[in-house]
Amino acid sequence: MISHRSVVAWVTVVLCLAAFSERSFAQPSAAEPASIPSPKSVLGFTPGDDRTVAGWSQITDYFARLDRASDRVSVQTLGESTLKRPLIVAFISARENILALPKYKEIQQQLADPRLITQDVQRDRLLANGKVVVTISCSIHSTEIVASQMSMQLAYELATAQDSETQTILQNTILLLIPSPNPDGIDIVANWYRKTLGTPYEGKEPPELYHHYAGHDDNRDWFMLNLKETQLITRLLWHEWFPQIVYDVHQQGANGSRFFVPPFYDPANPKISPLLLRQVGLIGHKIAADLQAAGFKGVLTNALYDTWWHGGFRTAPYFHNSIGILSEAASARLMTPNTVTAEQLARASSRGMRNATEAMTNFPDPWPAGAWRPRDIMAMEMIAARSILSMAAQFRADYLRNFYELGRKNIELPANKGETLAYLVPAGQARDEAVAKMIGSLLDQGVEVFRLDRELHVVLSPQVLQRANPVTEKLGTYKITGQMSALQEVPLGSYIIFLNQPQRANVEALFEPQIYPNRLTAQGEAERPYDVAGWTLPLQMGIEAPAVVFIRETASERRLTKLKDGNQVRADLALALKKGDESPIRNPVKQPVRVGIYKGSMSNMDEGWTRFVFDTFNVPYSSVRDADMRQGALNSKFDALVFPSQSSTQIINGNATGTLPAEYTGGLTEAGVKNLKEFVSNGGMLICFDNSCDLAIKQFNLPLRNVLEGVRSSEFYCPGSIVTLDLDNKNQIAATLPSALPAYFINSSAFAAATDANVRVIARYAKENVLLSGWLLGEDKLRGQIAIAEVSLGKGRIVLFGFRPQHRGQTWATLPLIWNALSSAAATSSE
Ligand SMILES: [Zn+2]
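This report concerns the structure included in the present document. Since this is a predicted model, take the numbers as computed values, not measurements.

Analysis parameters
- Residues numbered from 1 in each chain as written.
- Predicted model: local features only at pLDDT ≥ 70, side-chain atom pairs only at ≥ 80, totals over all residues.
- Heavy atoms only, no water.
- Helix = DSSP H or I, 4+ residues; strand = E, 2+ residues; numbered from the N terminus.
- Rg over C-alpha atoms; globule rule 2.2 N^0.38 Å.
- Buried < 20%, exposed > 50% of the residue type's maximum accessible area, 1.4 Å probe, protein only.
- Areas by Shrake-Rupley, 256 points an atom, 1.4 Å probe, with all protein chains shown as cover.
- Lys, Arg positive; Asp, Glu negative; His and termini not counted.
- Charge placed at Lys NZ, Arg CZ, Asp CG, Glu CD.
- Donors = N, O, S within 2.8 Å, 3.2 Å for Na, K, Ca; no water.
- Tetrahedral: all angles 85-135°; square planar, octahedral: opposite > 155°, others 65-115°.
- Phe/Tyr/Trp six-rings, centres within 6.5 Å; stacked < 30°, edge-to-face > 60°.
- Lys NZ or Arg CZ within 6 Å of the ring centre and 35° of its normal.
- Expected span 1.5 Å × (residues − 1).
- Contact = heavy atoms within 4.5 Å.
- Polar contact = N/O pair within 3.5 Å; in protein donor to acceptor, adjacent residues only side chain to side chain.
- Pairing = 2+ DSSP bridges.
- Axes fitted to C-alpha atoms, helices over the stretch in contact; angles between N-to-C directions.
- Salt bridge = Lys/Arg side-chain N within 4 Å of Asp/Glu carboxyl O.
- Parallel < 35°, antiparallel > 145°, perpendicular 65-115°, else oblique.
- Left-handed = near helix turned anticlockwise from the far one by under 90°.
- Core = buried A, V, L, I, M, F, W, Y, C linked by side-chain atoms within 4.5 Å.

Here the focus is the overall build of the chain. The number of helices and strands found in the chain is 26 helices and 29 strands. The C-alpha atoms of the chain give a radius of gyration of 27 Å, which matches the 28 Å a tight globule of 831 residues would have. Along the first, second and third principal axes, the C-alpha atoms of the chain reach 85 × 70 × 55 Å. Considering the chain as a whole, with its 831 residues, one finds that 62% of them fall into the buried category. Summed over all atoms, the accessible surface of the chain reaches about 30200 Å², with 49% contributed by carbon and sulfur. Measuring between centres, the 81 positive side-chain charges of the chain sit 1 Å from its 82 negative side-chain charges.

Below, the structure is given as structure tokens:
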């Protein structure tokens, strides 16, 4: 099956899959203290064994023992997860490096900010003395569980191995091993797995989000930093340790390639340095070659996954001048072996791979189908980890120098007149909480932000003003007067973010509009991007952030304060500061209103993000389950019910009988639909986001239709982009808002109303220039169509949002529409 070519000792040992034991990394020599506990000696099984799983307390317990027993390992607790589990990182390196961690941290911080290095001799000393810092993060997606188990074995083997290659790795690198950045999810999956072991549901995924708010979207949060886990790890990585290489270990579907590694597929984000893309490719190919040499089949490169989107664990590094590596192993059934047939492989196709049986240059050795075990996943991940560490150790000086040079180039001023110098966040936007959140997120990821302590006179970029931000032109909260080319006075108290800082690419990628290339398949259909196409942060948050192309004041005339953290911004804006975990934002819903948020039997990330924004804004709610809906008498409990985006089939049917234990199956059913209609007729308010509008429209025969339903992607496609809404400010739901607003459209809906219908239109997609950031194919289909509508039914009302006003907790521009709707629900209900 697998050949035993002896490439390096490590590979040979890992290969012996049948005999894979806790000693497989390399045999500890007799000199090694016998007191270093193996995972097996602590857990009672070897990580990766079929049908075993270690939960979070077992994993942290193992790492604590390793910390005590090995002078190569130092474990730190970063803080608490969302559900209050400890989030840990294990530093692994040679004993002398572990003893000198503060020194190496200091070196990294200087290399990360070349402005701190004033002399060539100082630079050369840092480059000579520094170590390559590598981060390996396991199982951020908790159902991709194997890597979290692997982390213990990897740590043990690095702590005990005596071979010369391991010694070289330990001497030249410092590994920051994160057993999981989502500890809550590890327990959600481990508990579920144990509970269902030996039942017909063994190996199925748990029927709840594996992150309390975000589920799978916990890996879409790395620039917004909404979640505690992303905040803690971002501090570790981009304020303290600045790793040169970050490896994010994932699993993919069961039936495709066995293992994906970079190079990635197109399109590449144009803000990522070509040098980084080349280095990513080099490491990916090293992993692929090592796997091939070790006899593993089915390794895929240059397919499916791209570098366009921002906000992933492995994409954030590109915007910090670092190398981000992804691997995606084919999944087993959690920790239960799986069998894959040739037919299944033949049906698996993706961007860059015709199917999983056909050899191609980027997939030279298809896997022949058969049994697939957690052990196989673990062995490939261990080889990948070893490949990366070995590259880092061998080319230590190159990695440090490239990292430093990328930062150095970023701090150079633009060569040409008229190029963007900085972005401004002018004072007086009447959006203080959003401004505080955005500036706070920037500071949290290490972006430099200054406050103006004296007025500044600048010339703004006309292109950016017109293309990117309808807010700037249409709101009038901060009025930019005179010619675009004229000097503007920017009030003190405004914020400025200069481009010439080490994180230049990050500032550009967050502030500029994204222009996704028109990519079509041979059949003329839209080629789906891996994730979203646009995310421009000030647009999503409804914040004016014009680009500056000229500043009158010289550097010495400016009065600027460099901000330390988000608290300073909140203090500037006189926002309440509360100690502890709660969000400092005051509930924006004017009257007390009893809100229910629908939570069906099928886990739904949009439901989680809805709870997240309600919790962030301190708006009270309860979750409403299908049983509550079927029981009825909803008016006695709620004034308003919110349905997050979900298809009506999923809402009505839920998980099918027999697919999961009975308590996790079933849906709203006809009875629930009837009760919901009664709730509205009796005076309740129903608020639907995006896909769930379909339920209300079809079940209640509303005089609206989704004009995008069934339209081919060759005609219309918009996979996660920012578009402009025109609001009717006479309607109380839009009354407090500007007349034009950016909104997030992710394969969303657009409505047309019957001509004589009693439909109040609150917002339409703009009549022209709809797209602000991302990709919109077939704009004519969207122009002028209804985006938000309100329909009366009996004594109550239904508010339909064609899009998601709370998408990923990022779209602060459109959140006030939800709060206004709820404020008006209280008014209706009390009538
Ligand atoms: Zn994943």
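All right, on to the coordination of the zinc ion then. His141 (ND1), Glu144 (OE), Glu144 (OE) and His250 (ND1) make up the full set of protein donors to the zinc ion, lying at 2.1 to 2.5 Å. Metal-centred angles of 55 to 147° between the 4 donor atoms at the zinc ion mark the site as irregular.

The full count for this structure, using the stated rule, is 26 aromatic pairs. Between Tyr305 and Tyr530, the ring centres sit 5.0 Å apart and the planes meet at 55°, which makes this aromatic pair tilted. Here the residue Tyr305 occupies a position in the loop between β7 (299-300) and β8 (323-330), and Tyr530 occupies one in the loop between α18 (504-511) and α19 (537-541), the gap between them amounting to 225 residues. By relative accessible area, Tyr305 is classed as buried at 3%. Ring geometry for Phe617 and Trp819: centres 5.2 Å apart, planes at 40°, overall tilted. With a gap of 202 residues between them, Phe617 in the loop between α21 (605-616) and β19 (622-624) and Trp819 in helix α26 (residues 815-829) connect regions that are remote in the sequence. Connected via pairs of aromatic rings, a cluster forms that spans Phe260, Phe264, Tyr305, Trp309 and Tyr530. The ring of Trp309 carries Arg220 above its face, with NZ or CZ at 4.3 Å from the centroid. The cationic tip of Arg258 hangs over the ring face of Trp367; the distance from NZ or CZ to the ring centre is 4.0 Å.

Moving on: helix α11 (residues 274-293). Counted at 1.5 Å a residue, the expected span for α11 with its 20 residues is 28 Å, and the 28 Å between its end C-alpha atoms agrees. Looking at the buried residues of α11, the elements they touch are β5 (245-252), β6 (259-260), β7, β8, α13 (374-394) and α14 (396-410). Backbone nitrogen of Leu275 and a side-chain oxygen of the N-cap are separated by 3.1 Å at the start of α11; the cap is Ser273. Immediately downstream of α11, the backbone of Gly295 shows phi near 90°, a positive value.

The next thing to look at is the side chain of Asn675. Relative to the elements of secondary structure, Asn675 occurs in helix α24 (residues 669-681). A distance of 2.8 Å separates a polar side-chain atom of Asn675 from the backbone oxygen of Met629. Contact partners of Asn675, with chain neighbours within four places excluded, come to Met629, Arg630, Gln631, Gly632 and Leu634.

A few words on the sheet that holds strand β15 (residues 495-498). The strands making up a sheet associate through backbone hydrogen bonding, with each pair oriented either parallel or antiparallel. Taken in spatial order, the 7 strands of this open sheet run β14-β13-β16-β11-β15-β12-β17, and their pairing is antiparallel. One side of each edge strand has no neighbouring strand; the edge strands of this open sheet are β14 (488-490) and β17 (560-562). This sheet shows a mean twist of 45° between the axes of neighbouring strands, independent of strand direction. Examined bridge by bridge, strand β13 (residues 456-460) and β14 share 3 bridges and lie antiparallel to one another. Each residue of the ladder has a partner; that of Val458, found in β14, is Gln488.

Turning next to the pairing of strand β24 (residues 740-746). Across the 7 residues of β24, 7 count as buried, placing the element largely inside the fold. Alternating residues of β24 divide into Ala740, Pro742, Tyr744 and Ile746 and Leu741, Ala743 and Phe745, and every residue in both groups is buried. As defined by bridge partners, strand β23 (residues 719-727) adjoins β24 across 7 bridges and the pair is classed as antiparallel. Bridge assignment links Ile722 to a residue of β24, and that residue is Tyr744.

Here we come to the sheet that holds strand β3 (residues 132-138). Pairing is mixed across the open sheet formed by 8 strands, whose spatial order is β1-β2-β4-β3-β5-β8-β6-β7. Of all the strands in the sheet, just β1 (73-80) and β7 have a single pairing partner and so form its edges. Taken together, the 2 bridges between β6 and β8 define a ladder with antiparallel strand orientation. Pairing of Phe259 across the sheet is with Ala329, part of β8. Packing of helix α8 (residues 164-172) onto the sheet brings it into contact with β2 (86-92), β3 and β4 (173-178), and relative to β4 it is tilted by some 90°.

We now examine the pattern of salt bridges. Applying the stated criterion to the full structure yields 45 salt bridges. Between Arg95 and Asp71 there is a salt bridge, with its nearest N and O atoms 3.2 Å apart. One end of the pair, Arg95, is in helix α4 (residues 95-99); the other, Asp71, is in the loop between α3 (56-69) and β1, with 24 residues separating them in the sequence. Judged by its relative accessible area of 43%, Asp71 falls in the partly exposed class. Among the ionic pairs, Glu358 bridges to Arg354, the shortest N-O distance being 2.7 Å. One continuous salt-bridge network, built from bridges that share partners, spans Asp113, Arg115, Glu448 and Lys562.

On to the side chain of Ser273, then. Along the chain, Ser273 turns up in the loop between β6 and α11. For Ser273, a relative accessible area of 17% translates into the label buried. In this structure the side chain of Ser273 is engaged in a polar contact, spanning 3.1 Å, whose partner is the backbone nitrogen of Leu275.

Our focus in this paragraph is the environment of Asp780. The topology assignment puts Asp780 in the loop between β27 (771-773) and β28 (786-793). With relative accessibility at 48%, the residue Asp780 sits in the partly exposed group. Remark: the alpha-carbon pair of Asp780 and Val770, spanning 10 residues in sequence, is separated by 9.1 Å.

A few words on the packing of α11 against α14. Taken N-terminus to C-terminus, the directions of α11 and α14 make an angle of 155°; their axes are 11 Å apart at the nearest point. One way to sum up the angle between α11 and α14 is to call them roughly antiparallel. As α11 runs across α14, the sense of the crossing is left-handed. In contact with Leu275, Leu276, Gln279 and Ile283 of α11, α14 contributes Tyr399, Asn402 and Leu406.

The next subject is the nonpolar core. Formed by 128 residues in total, the largest nonpolar core has its most connected members in Ile136, Leu177, Ile245 and Phe259. Of all the elements, α13 adds the most residues to this core, at 13 residues. Formed by 96 residues, the second largest nonpolar core is a distinct cluster that contains Tyr516, Phe614, Trp775 and Ile818.

Looking now at the environment of Ile818. Along the chain, Ile818 turns up in helix α26. The class for Ile818 is buried, based on a relative accessible area of 0%. Note: C-alpha distance between Ile818 and Val799 (19 residues apart in sequence) is 9.5 Å. Discounting chain neighbours no more than four positions away, the residues touching Ile818 are Phe614, Phe689, Phe801, Pro805 and Gln806.

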